[in-house]
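Topology and contacts: notes
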Amino acid sequence: MSNRDREVGIGLIGFGTIGRGVVRVLGQNAAVISERLGARLRLVRIADLDTETDRGVDLEGIHFDSDAKALIADPAVDIVVELIGGTGAARALVADAIAAGKHVVTANKALLAHHGSEIFAQAAAAGVDVAFEASVGGGIPVLRALREGLAADRVLSIEGILNGTTNYILSEMEATGEAFEVILKRAQDLGYAEADPTFDIDGIDAAQKLGILVAMAFGAELDVDSIPTQGLRDLAPIDFEVARELGFRVKMLGIAREAAGEGDERIEARVHPALISLGSQLASVDGAMNAVLIVGDAVGPTLYYGAGAGEMPTASAVVADAIEIGREILRGAGAGRVPPLSRPLEALHSRELVPTDELHGRAYLRFEVTDEPGVLSKVTGALGANDIGIESVLQRGPASAGGSISVVVLTHAAPEAALRKAVAEIDEWPEVRARTLFVRIQENRE
Ligand code: HSE
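The residue numbering used here restarts from 1 in each chain and proceeds along that chain's sequence as written. The model is predicted, so local features are restricted to residues of pLDDT at least 70 and side-chain atom pairs to those at 80 or more, both for listing and for counting; the totals for chains, interfaces and linings are taken over all residues. Where side-chain values are given, they derive from all heavy atoms of the structure, hydrogens and water being excluded.

A closer look at the packing of aromatic side chains
The relative placement of two aromatic rings is captured by the distance of their centres and the angle of their planes. Rules: The aromatic pairing rule takes the rings of Phe, Tyr and Trp, using the six-membered ring of Trp, and pairs them if the centres are within 6.5 Å, calling planes under 30 degrees apart stacked, those over 60 edge-to-face and the rest tilted. Elements are defined by DSSP. Helices are runs of H or I of four residues or more, strands are runs of E of two residues or more, and each kind is numbered from the N terminus. Exposed residues in this analysis have more than 50% of their type's maximum accessible area, buried residues have under 20%, and partly exposed residues fall in between, with area computed by a 1.4 Å probe over protein chains only. Note on criteria: charge over ring means Lys NZ or Arg CZ within 6 Å of the ring centre, with the direction from the centre no more than 35 degrees off the ring normal.
Throughout the structure, instances matching the rule amount to 2 aromatic pairs. Residues phenylalanine 15 and phenylalanine 64 carry aromatic rings whose centres are separated by 5.3 Å and whose planes lie at 85° to one another, so their mutual orientation is edge-to-face. Taken together, the residues phenylalanine 15 in the loop between strand E1 (7–13) and helix H1 (17–28) and phenylalanine 64 in strand E3 (residues 63–65) connect sequence positions 49 residues apart. Relative accessible area serves as the criterion here: at 2%, phenylalanine 15 is assigned to the buried category. We classify phenylalanine 64 as partly exposed; its relative accessible area is 23%. With a centroid separation of 5.4 Å and 45° between ring planes, the pair formed by phenylalanine 120 and phenylalanine 132 is classed as tilted. Taken together, the residues span a long stretch of sequence, with phenylalanine 120 in helix H5 (residues 109–126) and phenylalanine 132 in the loop between strand E6 (130–131) and helix H6 (142–149) at a distance of 12 residues. Phenylalanine 132 carries the same exposure label as phenylalanine 120, and that label is buried. Here the basic side chain of lysine 378 rests over the ring of tryptophan 429, its NZ or CZ set 4.5 Å away from the ring centre. Across from the ring centre of phenylalanine 438, 3.7 Å away, lies the NZ or CZ of arginine 420, which sits over that ring.

Quick notes on the sheet that holds strand E2 (residues 40–47)
Keep this limit in mind: When DSSP finds two or more bridges between two strands, those strands count as paired. Any two residues whose heavy atoms approach within 4.5 Å are treated as being in contact. Lines are fitted to the C-alpha atoms to define the axes, a helix being fitted only along its stretch in contact, and any angle between axes, read from their N-to-C directions, falls within 0 to 180 degrees.
The strand order across the open sheet formed by 6 strands is E3-E2-E1-E4-E5-E6, and the pairing between neighbours is parallel. Of all strands in the sheet, those with a lone pairing partner are E3 and E6, marking the two edges. Relative to strand E5 (residues 103–106), strand E4 (residues 79–82) runs parallel, the two being bridged by 4 bridges. Bridge assignment links valine 81 to a residue of E5, and that residue is valine 105. Helix-sheet contacts for H1 involve E1 and E2, and the interaxial angle to E2 is about 155°.

A closer look at the pairing of E4
Under the convention used in this document: Look down the strands so they point away from you; if going from the first strand over the helix to the second traces a clockwise path, that crossover is right-handed.
Burial along E4 is two-sided: the residues Ile79 and Val81 and Val80 and Glu82 are all buried. Pairing analysis gives 4 bridges linking E1 to E4, with the strands arranged parallel. Residue leucine 12 lies in a different strand from E4, and its bridge partner there is valine 81. In the classification by handedness, the crossover that spans E4, the intervening helix H4 (residues 89–99) and the parallel E5 is right-handed.

Section: the packing of helix H7 (residues 164–176) against helix H11 (residues 237–245)
Operational definition: Here is the rule for angles: anything less than 35 degrees is roughly parallel, anything more than 145 is roughly antiparallel, 65 through 115 is roughly perpendicular, and the remaining ranges are oblique.
Interhelical geometry of H7 versus H11 gives an angle of 75° and a closest axis separation of 8 Å. By the angle between their axes, H7 is roughly perpendicular relative to H11. Here Leu170, Met173 and Glu174 of H7 come into contact with H11, specifically with Pro237, Phe240 and Arg244.

Rendered as structure tokens:
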């Protein structure tokens with residue numbers, strides 16, 4: 001039988017927004033997908049606990065029920081697409097699919113960040129593929145770029161806007177001058193932010209994506225829960241205004257690189273808001289878009305930009321993974337033309353994280369202090385006493401009749417331990433009205 005007459009069967013577990021997108025992409029692009037694959041990519045069946053809600057898509061010829069186990073066992077299903085999310089049922093179903101000899105496509109970053117090694121080992125033993133392009137950067141093919149396009153390079157650094165919700169909130173705060181809570185509420189009303197926005201705004205979602213990028217780029221297995229994260233909650237409109245005056249924008253970044261010291265096997269990885277130069281490409285990424293800047297030692301800076309979430313962009317990555325696996329199936333060569341993390345599993349190593357105290361760089365500090373003579377020199381004096389040089393100082397306020405002023409200090413590069421110590425000392429003073437905001441400045445690597 002020629003491939004043209006063949007079919008590659010997909011079973012979809014989880015029929016939410018992305019699942020609906022998968023049905024749409026497979027439907028609207030059936031001809032071009034068949035042409036590229038050289039065979040038909042057919043959605044054989046769907047399993048979801050909710051079989052009642054009308055998803056508004058044509059399900060003719062697709063078996064739809066709530067039985068995920070029967071879907072996995074169905075001989076017409078070659079590839080199981082897991083789109084239920086989370087690390088509970090999804091973990092068990094992915095394991096079941098692999099044990100049944102089915103290839104797996106997933107968009108589940110939490111599952112891979114926490115149980116990736118286990119899943120990849122199961123897949124290798126069973127001779128099946130696990131593909132997960134949609135787990136980082138939604139529709140942006142950044143994992144495929146790292147895995148294949150940059151396979152010749154030593155990755156020097158990764159800097160990414162990895163979360164659309166936070167990028168939307170930051171863009172809106174800057175554009176409107178409105179407070180974080182107001183914009184968050186708007187983001188929730190528009191469906192950009194979840195009812196419980198913690199995962200996004202505290203940087204957990206971005207840390208999971210960064211953990212996957214780090215595994216792919218450096219062959220490093222990290223304890224993802226220990227990646228230091230700083231969220232957005234303490235940022236105020238004044239920070240965007242002052243940052244712009246100083247030549248910066250505020251962006252939530254996931255940052256990773258290998259430790260600089262000779263023989264130092266550790267990895268620097270963190271997620272936090274950062275001031276980045278107005279002229280940098282990441283600074284121009286607005287709204288819910290994502291972008292990842294990867295610098296390789298041979299290629300130099302490369303930039304990947306696009307929609308990091310949403311029905312059709314995420315479905316685009318999911319279906320592309322299914323096509324890649326379909327090609328392997330048709331080639332009859334078994335799994336893994338390219339290993340999932342761009343290297344054999346035995347080349348992965350557990351790596352320690354560099355503690356943030358060991359970082360060294362410039363910082364943006366905003367002190368909220370009582371408006372009284374001498375307070376400015378007291379702040380700058382305390383920084384000087386900790387060997388922290390000052391690049392510029394600005395004062396704003398008083399913001400209210402209470403007489404509190406904002407003192408913004410841009411420091412010269414300094415050890416983070418010294419910066420934190422100075423801020424902790426200052427925060428003990430009676431003149432300090434609120435906890436000082438500490439935002440790192442990320443130097444331009446483009
Ligand atoms: N909550 C995520 C974001 C969705 O805002 O980017 C995609 O992982």
